[in-house]
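Descriptive structure summary
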Amino acid sequence: MTSQTNLRLTEQFLHKLGTGASAEEIAALCVPDLDWNIPGDSGALPWIGHKTGSSAIADFVRDTQTMIQRESLEIHEVLASEQRAIILGHLRSRITATTRLIDSPFAIVLTFSGGRIATFLMLEDSFATSNAARR
C-alpha cells in the first residue's frame, strides 16, 4: 500500500470516530484479528490493555460513547508511510462516573494489511487516565 492510501484510510478512521459513526462501521475499517493496545492500568477502563480482534475497537467506540464526555480532541498532525500512520494530538475527556478530566497529549500508531487497519497502539498519559477513572 502507498503512503497516500494509508493516509486516506487514517483520515477516514478519524472522520468516523469524530462524527459518531457506529462501532460496526469503525470496526469494518480493521482486520478481523486487529492487534489493539493502549498500555496502562487495564483495570481502570475497559479499553485499556492489549486485546486481539476487531471487537476491541467496536467495544472501545461503544464504551467511550457511554463512559466519557469528550471536551476536545485536537489532531495536530497525521504522518503516513507505506507501513504505518502516526496520529499526534491532544485530548480532553471527562469520565462520566467520576467527573474527573483526562487532559493528555497522545500518539496513535496504526499499521495496515490489505487496505485495513491491522494494529492500533495508543500512547497517552496513562497515569492521568487511571487517576481520572478511579473513584
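Summary of the structure given here. Computed from a prediction, not measured in an experiment: that's the story for all the values here. (Residues numbered from 1 in each chain as written. Predicted model: local features only at pLDDT ≥ 70, side-chain atom pairs only at ≥ 80, totals over all residues. Heavy atoms only, no water.)

1. Digging into the overall build of the protein
Looking only at helices and strands, one finds four helices and six strands in the protein. When the elements of the protein are put in sequence order from the N terminus, they spell out α-α-β-β-α-β-β-β-β-α. Expected size for 135 residues packed as a compact globule is a radius of gyration near 14 Å; at 14 Å, the protein falls within 12% of this value. Taking all 135 residues of the protein together, the buried fraction comes to 41%. Look at the contacts in the protein between residues 6 or more apart in sequence, and 52% of them connect residues 24 or more apart. When the accessible surface of the protein is summed, it comes to about 6,900 Å², and 51% of that surface belongs to carbon and sulfur atoms. Across the protein, the 12 positively charged side chains and the 15 negatively charged ones have centroids separated by 5 Å. (Helix = DSSP H or I, 4+ residues; strand = E, 2+ residues; numbered from the N terminus. Rg over C-alpha atoms; globule rule 2.2 N^0.38 Å. Buried < 20%, exposed > 50% of the residue type's maximum accessible area, 1.4 Å probe, protein only. Contact = heavy atoms within 4.5 Å. Areas by Shrake-Rupley, 256 points an atom, 1.4 Å probe, with all protein chains shown as cover. Lys, Arg positive; Asp, Glu negative; His and termini not counted. Charge placed at Lys NZ, Arg CZ, Asp CG, Glu CD.)

2. Let's talk about the sheet that holds strand β2 (residues 49–52)
The six strands lie next to each other as β2-β1-β6-β5-β4-β3, forming an open sheet whose pairing is mixed. Two strands in the sheet have a free side with no partner beyond their single neighbour: β2 and β3 (68–80). The sheet shows a mean angle of 20° between the axes of neighbouring strands, direction not considered. Where β3 meets strand β4 (residues 84–95), 11 bridges bridge the pair, whose relative direction is antiparallel. What sits directly across from Leu79, in β4, is Ile86. (Pairing = 2+ DSSP bridges. Axes fitted to C-alpha atoms, helices over the stretch in contact; angles between N-to-C directions.)

3. Considerations on helix α1 (residues 3–18)
Helix length check: α1, at 16 residues, gives a terminal C-alpha distance of 22 Å against a target of 22 Å (1.5 Å per residue), a fit within 8%. For α1, the full list of buried residues reads Asn6, Leu7, Leu9, Thr10, Phe13, Leu14 and Lys16. Where the residues of α1 are buried, they touch α2 (23–27), α3 (55–67), β3, β4, β5 (101–113) and β6 (116–124). Looking one or two places after α1, you find Gly20, whose phi comes out positive at around 75°. (Expected span 1.5 Å × (residues − 1).)

4. Side note on the pattern of salt bridges
Scanning the model with the defined rule gives seven salt bridges in all. Here Asp103 ties to Arg92 by a salt bridge, and the two come within 3.0 Å at their closest N and O atoms. In this pair, Asp103 is assigned in strand β5 and Arg92 in strand β4, connecting sequence segments 11 residues apart. Overall, Asp103 belongs to the partly exposed group, its relative accessible area being 36%. On the basis of relative accessible area, Arg92 is assigned to the partly exposed category, the value being 28%. If you follow the salt bridges from partner to partner, you end up with Glu71, Arg92, Arg94 and Asp103 in one network. (Salt bridge = Lys/Arg side-chain N within 4 Å of Asp/Glu carboxyl O.)

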